[in-house]
Each structure stands twice: as C-alpha cells, then as structure tokens.
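Each chain, written out:
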Amino acid sequence: WQKRWVNSEYKADLGKFKLTAGKFYGHPLRDKGLQTSENSKFYAISSRFKPFSNKGKTLVIQYTVKHEQKIDCGGGYVKIFSSDLDQKNLSGDSHYYIMFGPDICGSTKKVHVILNYKNKSHPIKKPIRCKVDGYTHLYTLIIRPDQTYEVKIDNEMVASGNLEDYFDFLPLRKMNDPSVRKPTDWDNQVQIDDPNDKDWDEPAHTMDTSAENPGDWHDAVNGEWLYPVAKNPQYRGEWKPRQIDSPNSRGVWPHPQIDNPNYSPDLSVCSYENIGIIGLDIWQVRAGTIFDNFLITDDEVYAEDFGDETWGETKDPEKEMNIKQIEEEQERERATEEKYFEQQLKKKVGRKKESGKGRALRSPVEKEEL
C-alpha cells in the first residue's frame, strides 16, 4: 500500500497512517485499512489512478469509515482531485473537485458533500447526519448526468434530489417581479391585539403604608422619611394584550414571479475532465479511524454489489467480535474486583487472628500479677 499511496510533505509533523484491521473486525485480512495513528494531527495522503472524465456518465464515489476510537472531533471524508495535483504538497489549500464523507466535532455530526463549480466550492444545503458509533459504515455519493445526486449510508439512500435545488451553482430560475409592489391595503398580519382586552393596572412595587416612622428619625439630619418600597403581591408581570385572529388578514402576499434573466442552464455542472487522484486531507483530535474499500466507478449497481461483498459480509462479525470483547473485559474487571476484595478479607481475618493470639498471651500474665 505504501507504493500506491503518497504521503504529503507540506508539513514536517503530519500524522502517520498504518495498515490494520483495528481492535475488532469481521475478517483479519479483508478489513485491513489505512488507520490514523497519532492524536491531534493533520493527515495528508493520496493515491493516483488513470485519469478520466465523468462527462455524460454517472460518477460514484464510495468507501468505508470506521471510527473505532469513538471519535470526538475529526474528519472522515475523502477528496477527489485533478491528476495535476502535486501529491507531495497536498494540503487543505489544495484545489479539489469533490469533498465527501463524515465530519464529527462536538455537536456537529454531518456528512459533507462539497462540489466544485467554476473554481468555487459549493456545500450541500441539506443537512445529512453521519453515523456516530464505533463500527464500519459504507458511504456512497452518486452524481448523475441528468443533474441529480444521491447519498447513501450502508447502501441505503439518505439524501437525493436535483443538483440545482440543493447547491448554489446557478442563479435561481425564477425571481420576484421588481415591477410589482404589494398593494398598500394588503393586510398580511395573521393576529392582532384584542381591543377588548384590558390592562391590569398593577405596578411591580408599592409603598408599604404599614411601616412606621422610627422614633429616632430626624428629618433635619436624615432627610424626609418616606414609606419603604415593597414588592406588590398583585403584580402579574408586564401586561401584553391577548392576541386574536385578524378579521382583515389576507395571508402572505404572493409576489409574482418572472424568469430570472441572469439564469442560464448549464448541463456541465459537476462534469470534471481530469479526475485522477483520491486523497485524505483531515484533522483528528483522537486518532484511530480506519479507511477502506475505496471505489470510484460509473456503475451504481456494481458499487452497491461491491459494498455488499465487502462491508456487507463483515459488518455483523465485526459487531459480534466487539460485543464479545466487551463482555470479556467486563468479566476480567469483575474477576479483578473479586480478587481484590478476597485479599482484603484475608488481611482482615489475619489481623483478627493476630489480635486474638495477643489477648491469649496477655491473659496469664495478668492473672499472675493479680
């Protein structure tokens, strides 16, 4: 694998990848993948393949991600580059065609889909939640020549639609007619203040008239004595009139739409001429993620079958192995605790025996002295 993958050298302290199936797996050989091995590091590695164009064809990008370290902050996505990329200088500033995959950091748990159009990156406008457990998951992005896309996780569709609807590649097809204004008598207020609702005229504080002037109070010295201020028990908070439905409301005014003169369809959206490199350019606080089963193809059926034959065949044995390891670890912890308490009990019994012997030896001496 070191011959197929090139480590970037843009920074001297980039994290290192290693080949492993991890702590638990479905198959010791088939589940081997590239694993991040150092905490709080940037990683940059890439692999080159024969360049191709997806013009007029379906493009499928698929791979598996396993966050067996239960990642708290770090990327698990891949990037697709032009064959012109200088792999030795791969970094976060490197121009890419597509960025796809999970990203987790605190409350952020999403799947990135970022597509390049006219040298500008456009993220998907629809939020897609990624998997957050420690098992291997299959991520698939499909971009079709009919300007539609689909995202699948574990071979199940989680998002799909028209590219123009979910990415800001082009201006909107329709726009508000600038020559038309909302009628001045149009009432779009759904609710209004109830004119029959009356204000509760109760202040927040009142004078405590039950208080008496202290006998030693001198106005000349202390100033004029005033009743102290106390909270008003009748106060019900700031008064706001009750809301009722507006009898004159006509709802939201529908602004007439016209064709946007700035819109021009482009059938070459997400059509890339020189796809030639796949790379991992990520940051991870806690290392341990395993990347495997990379696939780039124009055949959706083949990609699904490939996913079933790789991830699909080892996902259940992987879970079984992990559950068994957890049970064994719990059993070892119980055995350790039992051994500890056993030793403590023996020490306690031993101290009691020693104490009993001491009393037996002292007893005759005390009688003789008596």
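Residues numbered from 1 in each chain as written. Predicted model: local features only at pLDDT ≥ 70, side-chain atom pairs only at ≥ 80, totals over all residues. Heavy atoms only, no water.

A. Representation of the side chain of Ser8 in the model. By the secondary structure assignment, Ser8 is in the loop between strand 1 (5-7) and strand 2 (17-20). For Ser8, a relative accessible area of 7% corresponds to the buried category. For Ser8, the side chain forms a polar contact with the main-chain nitrogen of Tyr10, separated by 3.3 Å. A distance of 3.3 Å separates the side chain of Ser8 from the backbone oxygen of Lys88, its partner in a polar contact. Every residue in contact with Ser8, bar those within four places of it in the chain, is listed here: Leu14, Ala44, Gln87, Lys88, Asn89 and Leu90. (Helix = DSSP H or I, 4+ residues; strand = E, 2+ residues; numbered from the N terminus. Buried < 20%, exposed > 50% of the residue type's maximum accessible area, 1.4 Å probe, protein only. Polar contact = N/O pair within 3.5 Å; in protein donor to acceptor, adjacent residues only side chain to side chain. Contact = heavy atoms within 4.5 Å.)

B. The arrangement of the layout of surface pockets in detail. Put simply, the largest pocket is a space of about 260 Å³. In terms of lining, the largest pocket is formed by 15 residues, of which the most central are Arg4, Trp5, Asp292, Asn293 and Phe294. Of all the secondary-structure elements, those providing two or more residues to the lining of the largest pocket are strand 3 (33-36) and strand 21 (289-297). Considering only residue class, the lining of the largest pocket consists of nine nonpolar, three polar and three charged. In this structure, the second largest pocket spans a volume of roughly 190 Å³. Taken together, Lys23, Phe24, Glu68, Lys70, Gly134, Tyr135, Asn322, Gln325 and Ile326 form the lining of the second largest pocket. Partitioned by chemical class, the residues of the lining of the second largest pocket number three nonpolar, three polar and three charged. (1 Å grid on protein atoms, 1.4 Å probe; cavity = no way out; pocket = protein on both sides within 12 Å on 5 of 7 lines; lining within 4 Å. Points joined across faces, edges and corners; volume = space filled by probe spheres on them. Nonpolar A, V, L, I, M, F, W, Y, C, P; charged D, E, K, R; others polar.)

C. Region of the structure containing the pairing of strand 4 (residues 41-52). Relative to strand 4, strand 1 runs antiparallel, the two sharing three bridges. Bridge pairing in strand 4 links Val6 to Ser46. (Pairing = 2+ DSSP bridges.)

D. Focus on the environment of Val113. For Val113, the location among the structural elements is in strand 9 (residues 108-117). Since its relative accessible area comes to 2%, Val113 is described here as buried. The sequence separation of Val113 and Pro102 amounts to 11 residues, and the corresponding C-alpha distance is 9.2 Å. Ignoring any residue separated from it by four or fewer positions in sequence, one finds Val113 in contact with Met99, Phe100, His122, Pro123, Ile124, Ile128, Leu141, Val151 and Phe167.

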